[in-house]
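Per-entry structural report
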Amino acid sequence: MAVRDGVVAWLGSDAVGRDQFPDADVVDLAGGFVTPAFVDAHVHLTETGLSLVGLDLRAATSRAHCLQLIAAAGAAAHPDQLIWGHGWDETGWPEPVAPTTAELDAVVGERQVYLARIDVHSALASTGLRRRVAGLAEEPGHVAQRPLVDDAHHRVRAAARELLTADQRRQARLGALDAAAAHGVVAVHECAGPEIGGLRDWQELRDVDHGVQVIGYWGQAVRTAAEAVELRAETGAAGLAGDLFVDGSLGSHTAWLSQPYTDAPDRTGTRQLDPDAVVAHLMACTEAGVTAGFHVIGDAAVTAVITAFQQVVDRFGAPAVARCGHRLEHVEMIDAAQAAQLGAWGVIASVQPNFDALWGGPDGMYARRLGVERAGNLNPLALLASQGVPLAFGSDAPVTTLNPWATVRAATAHRTPGSAISPRAAFAAATRGGWRAAGVHDGLTGTLVPGAPASYAVWDTGELTVSAPRDAVQRWSTDPRSRVPALPPLGPDDPLPQCRRTVREGRVIHG
């Protein structure tokens, strides 16, 4: 492959290439394998960076163990320092109950502690931190001894972030971007918004100088086309989409359902955005030609959004809707008829296959929350693809790993029979799909063909060594002419490829 000015100039055999470009700088990859670089279509960079340097509670095996980890972190930290943690998940504990506020206070004292659940839709917060938020007890989602959800959670998280210094926030973002590049990712879709990190966080992120491209979406509802144009200009976002919450998450019992939770028969989740507001936002953005979208998980939330889209299509027509590149994040509970509507309207599904890897199956969190039958219909990747819904894969980091090969593997090994997609389709959703979701429709970006941006990753495949002959046959290749599998083995026991180098438009950004 020959690269000139950040663009793929030529592809062909080694001997011909050396003759055609005699003055080129030659890089011998010594058996490394080259693929188009990945795009992560849903991330939260500051939170991801904070989870990398903060208290990791994913390893907690019980409520007692979780409290032990928190106590150890408190003992090691400066008394005035905020303890920021992430990742606890009570659904896998012998007693699936989160620690109470009193239990948390018993191990941290007066310290200010914020500990997000794995899905980041609820959090434990110490009394020391809760006291910083005036009127917290009156906020929706506040219960004195239980994890905070909804507005109460958003306000406490904002208070916790105010305790971080500008340098801590900056280092968190750089750490997250470095981690993305180290996984062969050259672009990420940051899902920002007033209830995520706030405008300051997004503005600071826009100013970060890093090789990974950050494409931002701002999750704030508008009611008029003029307001849509003004807000997009003010934020510099690619669209008014991403985590504009229609509902919450299944793990935190806040996804909006049409029928009660199996393990909480008195609850159907939380409607965070009124259906009229959903319609108004879609109408305004479509009229303005601005990308709109929502965070939507539960079936009641999906129905509300589909109903709103139908009204917009009735007014503006399906082509006008498709031109905007509207997108839905997560869209976990959807039926065949609804998927067909999204496909006909060109609405993009920005989805996270690792959700199924983490929580799917007859014994997983989904089954505990919804029962086995309903859980088996979640994250239907094959259904969405079969109905023509464009797919873009993301991690929702820090919720799941930034490693895109884990995402591709999860999509090909869905726990529900018939819901998986092929490795080639999964790889496309994790590469070209992310660019298309960002409005890049040149037919080149996300591939390695002459004329395409030279954005690629070099992988150690385990098939060749440095001393292997140049003409040795590898077991996988993205070139269909090679007549070998298109992707590496992605079984549960197969090691995932390791990234040796990441290049964006001809510039090395990792390795």
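Up top is the structure.
Everything in this summary refers to the structure shown in the same document. Since the structure is predicted, the reported quantities are computational estimates derived from the model, not experimental observations.

This part is about the pattern of salt bridges. The final tally for this structure, using the stated rule, is 20 salt bridges. A salt bridge links R18 to D14, with the nearest nitrogen and oxygen atoms 2.9 Å apart. Here R18 and its partner D14 are both found in helix α1 (residues 14-20), four residues apart, which amounts to about one turn of the helix. Looking at R18, the relative accessible area reads 38%, which means it is partly exposed. The shortest N-O distance in the salt bridge between E90 and R117 comes to 3.0 Å.

Let us look at the sheet that holds strand β14 (residues 348-351). In spatial order, the strands read β12-β13-β14-β15; together these four strands make up an open sheet with parallel pairing. Edge positions in the sheet fall to β12 (293-296) and β15 (391-393), since each of these pairs with one other strand and no more. Along the sheet, successive strands turn relative to each other by an average axial angle of 20°, direction set aside. Taken together, the three bridges between strand β13 (residues 327-330) and β14 define a ladder with parallel strand orientation. When the bridges of β14 are listed, E329 appears paired with S350. With respect to the sheet, helix α11 (residues 299-316) is in contact with β12 and β13, its orientation differing from that of β12 by roughly 160°.

Right, let's talk about the packing of helix α10 (residues 275-288) against α11 for a bit. Look at α10 against α11: their axes get within 9 Å of each other, and the N-to-C directions meet at 40°. When the axes of α10 and α11 are compared, the pair comes out oblique. Here α10 runs over α11; the crossing is right-handed. Residues V278, V279, L282, M283, T286 and E287 of α10 form the contact with α11, whose own contacting residues are V305, A308, F309, Q311, V312, R315 and F316.

Attention now goes to the sheet that holds strand β6 (residues 83-88). Across the sheet, which stays open at both edges, the five strands sit in the order β5-β6-β7-β8-β9 with mixed pairing between neighbours. Strand pairing shows two members of the sheet lacking a second neighbour, β5 (55-56) and β9 (148-149), which therefore form its edges. Sheet topology note: the strand β8 (residues 122-125)/β9 ladder contains two bridges and is antiparallel. Paired with S122 across the strands is V149, a residue of β9.

Turning to α11, a few remarks are in order. With 18 residues, α11 ought to run about 26 Å at 1.5 Å a step, and its terminal C-alpha atoms sit 25 Å apart, in line with that. All of the buried residues in α11 are A300, A301, V302, A304, V305, I306, A308, F309, V312 and V313. Turning to α11, the residues buried within the fold contact α10, β12, α12 (318-324), β13 and α13 (336-345). Looking at the residues trailing α11, positive phi occurs at G317, about 95°.

How two aromatic rings sit relative to each other is given by the distance of their centres and the angle of their planes. As enumerated under the stated definition, the model contains ten aromatic pairs in all. Ring plane angle 80° and centroid distance 5.5 Å describe the contact between W405 and W459, whose orientation is recorded as edge-to-face. Of this pair, W405 sits in helix α18 (residues 404-412) while W459 sits in strand β16 (residues 456-460), placing them 54 residues apart in sequence. Accessibility classification places W405 together with W459 in one group, the buried group. Among the aromatic side chains, those forming a connected cluster through ring pairs are F38, W405, F427 and W459. Lying across the ring of Y217, R327 places its NZ or CZ 4.3 Å from the centre.

Let us look at the nonpolar core. In terms of nonpolar packing, the biggest core is built from 87 residues, with F294, L328 and F393 touching the most fellow members. When residues of this core are assigned to their parent elements, the largest contribution, ten residues, is made by α11. Once residues within four sequence positions are removed from consideration, L328 is found in contact with F294, V296, V305, F309, L342, V347, I348, A349 and S350. Listed in part, the 35 residues of the second largest apolar core include A123, L148, A172 and I297.

Here is what the cut-offs are and how they apply
Residues numbered from 1 in each chain as written. Predicted model: local features only at pLDDT ≥ 70, side-chain atom pairs only at ≥ 80, totals over all residues. Heavy atoms only, no water. Salt bridge = Lys/Arg side-chain N within 4 Å of Asp/Glu carboxyl O. Helix = DSSP H or I, 4+ residues; strand = E, 2+ residues; numbered from the N terminus. Buried < 20%, exposed > 50% of the residue type's maximum accessible area, 1.4 Å probe, protein only. Pairing = 2+ DSSP bridges. Axes fitted to C-alpha atoms, helices over the stretch in contact; angles between N-to-C directions. Contact = heavy atoms within 4.5 Å. Parallel < 35°, antiparallel > 145°, perpendicular 65-115°, else oblique. Left-handed = near helix turned anticlockwise from the far one by under 90°. Expected span 1.5 Å × (residues − 1). Phe/Tyr/Trp six-rings, centres within 6.5 Å; stacked < 30°, edge-to-face > 60°. Lys NZ or Arg CZ within 6 Å of the ring centre and 35° of its normal. Core = buried A, V, L, I, M, F, W, Y, C linked by side-chain atoms within 4.5 Å.

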